[in-house]
Amino acid sequence: MVLIGAHVRDDDPVAAAAAVGAEAVQIFLANPQGWKKPVPREDADAVVGSGLGVYAHAPYLVNVASTNNKIRIPSRKMIAEHASAAAALGGKGLIVHGGHVGDGDDIAVGFDNWRKTFERATFPVPVLVENTAGGENACARTLDGIAMLWDVIGEYDVGFCLDTCHAWAAGEDLETIVERVRAITGRIDLVHANSSRDEAGSSRDRHASFATGTIPPELIAHVVREAGCDAVVETPAERQSEDIAFLRAALAG
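A. Expanded view of the sheet that holds strand β1 (residues 4–7). Reading around the barrel, the 8 strands line up as β1-β2-β3-β4-β5-β6-β7-β10 and close back on themselves, with parallel pairing between neighbours. Between one strand and the next, the sheet's axes are offset by a mean angle of 30°, whatever the strand orientation. Of the strands in this sheet, β3 (53–57), β4 (93–97) and β5 (127–130) are in contact with helix α3 (residues 69–87), which crosses β4 at around 150°. Along the sheet, helix α8 (residues 217–227) contacts β1, β6 (159–163), β7 (190–192) and β10 (230–233); its crossing angle with β7, the most-contacted strand, is approximately 175°.

B. Structural detail: α3. Taking 1.5 Å as the rise per residue, α3 with 19 residues should run 27 Å; its terminal C-alpha atoms sit 27 Å apart, in good agreement. Check the buried side of α3 and you find it contacts β3, β4, α4 (107–119) and β5.

C. View of the pairing of β3. Summarising burial for β3: 5 of the 5 residues are buried, a large majority. Neither face of β3 is left uncovered, since the one carrying G53, Y55 and H57 and the one carrying V54 and A56 both have all their residues buried. Here strand β2 (residues 24–28) pairs with β3 via 5 bridges, running parallel. What sits directly across from V25, in β3, is V54. In this view, the connection linking β2 to its parallel neighbour β3 by way of helix α2 (residues 44–49) has right-handed handedness. Two elements, β3 and β4, share 3 bridges in a ladder whose sense is parallel. By the bridge assignment for β4, A56 is matched with L94. For the handedness criterion, the β-α-β arrangement of β3, α3 and β4 is classed as right-handed.

D. View of a negative patch on the surface. A cluster of like negative charges, contributed by D173, E175, E179 and E226, occupies part of the molecular surface. Assignment of secondary structure puts E175 in the loop between α6 (164–169) and α7 (177–185).

E. Representation of helix α9 (residues 240–252) within the structure. Here α9 spans 18 Å end to end across 13 residues, near enough to the 18 Å set by a 1.5 Å rise per residue. Inspection of α9 places Q240, D243, I244, L247 and A250 among the buried residues, and these make up the whole buried set. On an axial view of α9, the arc spanned by its buried residues comes to 130°, and they lie on one face. Opposite the buried face of α9, at more than 90 degrees from it, the exposed residues are A249 and A252. Where α9 is buried, its residues meet β1, α1 (13–20), α8 and β10.

F. Inspection of the pattern of salt bridges at higher detail. Evaluated as defined, the whole model comprises 13 salt bridges. Put simply, E242 and R239 hold a salt bridge, and the shortest N to O gap is 3.0 Å. Of the residues examined, E242 reaches a relative accessible area of 40% and is grouped as partly exposed. Each of D112, R115, K116 and E119 takes part in one network of salt bridges that share partners.

G. Quick peek at the environment of Y156. With respect to the helices, strands and loops of the structure, Y156 is situated in the loop between α5 (143–153) and β6. Given a relative accessible area of 22%, Y156 falls into the partly exposed group. C-alpha of Y156 to C-alpha of T122: the two residues are 34 residues apart in sequence and 9.4 Å apart in space. In contact with Y156, not counting residues within four places along its chain, are R115, F118 and E119.

H. Quick look at the packing of aromatic side chains. Summed over all chains, the structure comprises 6 aromatic pairs. Summarising the aromatic geometry, the rings of W114 and F118 are spaced 5.8 Å apart at their centres and angled 15° between planes, so their arrangement reads as stacked. Separated by 4 residues within a single helix, W114 and F118 lie in helix α4, roughly one turn from each other. According to the relative accessible area criterion, W114 is buried, its value standing at 0%.

I. Highlighting the state of the cysteines. Per the counting criterion, the structure on display carries 0 disulfides. The thiol of C139 is not disulfide-bonded; the next cysteine sulfur, from C161, is found 16 Å away. The cysteine C161 is free of any disulfide, with C229 supplying the nearest cysteine sulfur at 8.3 Å.

Conventions we followed
Residues numbered from 1 in each chain as written. Predicted model: local features only at pLDDT ≥ 70, side-chain atom pairs only at ≥ 80, totals over all residues. Heavy atoms only, no water. Pairing = 2+ DSSP bridges. Helix = DSSP H or I, 4+ residues; strand = E, 2+ residues; numbered from the N terminus. Axes fitted to C-alpha atoms, helices over the stretch in contact; angles between N-to-C directions. Contact = heavy atoms within 4.5 Å. Expected span 1.5 Å × (residues − 1). Buried < 20%, exposed > 50% of the residue type's maximum accessible area, 1.4 Å probe, protein only. Right-handed = clockwise from strand over helix to strand, strands pointing away. Patch = residues over 30% accessible without salt bridge, like charges linked within 9 Å, V, L, I, M, F, W, Y side chains within 5 Å. Areas by Shrake-Rupley, 256 points an atom, 1.4 Å probe, with all protein chains shown as cover. Salt bridge = Lys/Arg side-chain N within 4 Å of Asp/Glu carboxyl O. Lys, Arg positive; Asp, Glu negative; His and termini not counted. Charge placed at Lys NZ, Arg CZ, Asp CG, Glu CD. Arc of directions from axis to C-beta. Phe/Tyr/Trp six-rings, centres within 6.5 Å; stacked < 30°, edge-to-face > 60°. Disulfide = S-S within 2.5 Å.

Spelled out as structure tokens, the structure:
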């Protein structure tokens, strides 16, 4: 069964899910802007027993593609730590941004750094690589980049998270994005169902609620329907319940 959920506050995800009518939650397991290891949650039993689909999002600093050892090596450690913490909550996956290399670096090195991440470790929950909105040196912004990345990591059990706002910002056609991504990765494990504050091709990662964004809500629902997997809205909290209700009605229709 496809679950429709939301990225919710970390302190009480079960209550937050109930407040917006979510069947799944996505949470951070530590400061999203820091390197600290997740600590065991006192509400772990409640989260596991809630019946919610649980996804964890890695901190934004994680960038295993980086050619900088001071970023890449801690990033690999962070993925392992957060995957273990997600598994303790019965997590269905850990979402990790595709990352980027530095100006002047060979992006092929970034792809190979991703390969080494999976070659050297296995994880207790699926790692879901997420497409990103902008950056000339990004590994997973364009479908061409995703194809080159999957050429080196596709042999491993790696999942994919498709963000509609990011794809829109990258100038991709959302009508056909699911089919084209699947042709590359063979799978889509989660959709981040977000509208955008900006026009298509903007390269700007600014999420918006369905009612206020620039992406037609029916187009977001189309992506979720075509993907046939769980979907999480990362839209502003005050209208998440509306966005979830819209998706649920669109999928039922």
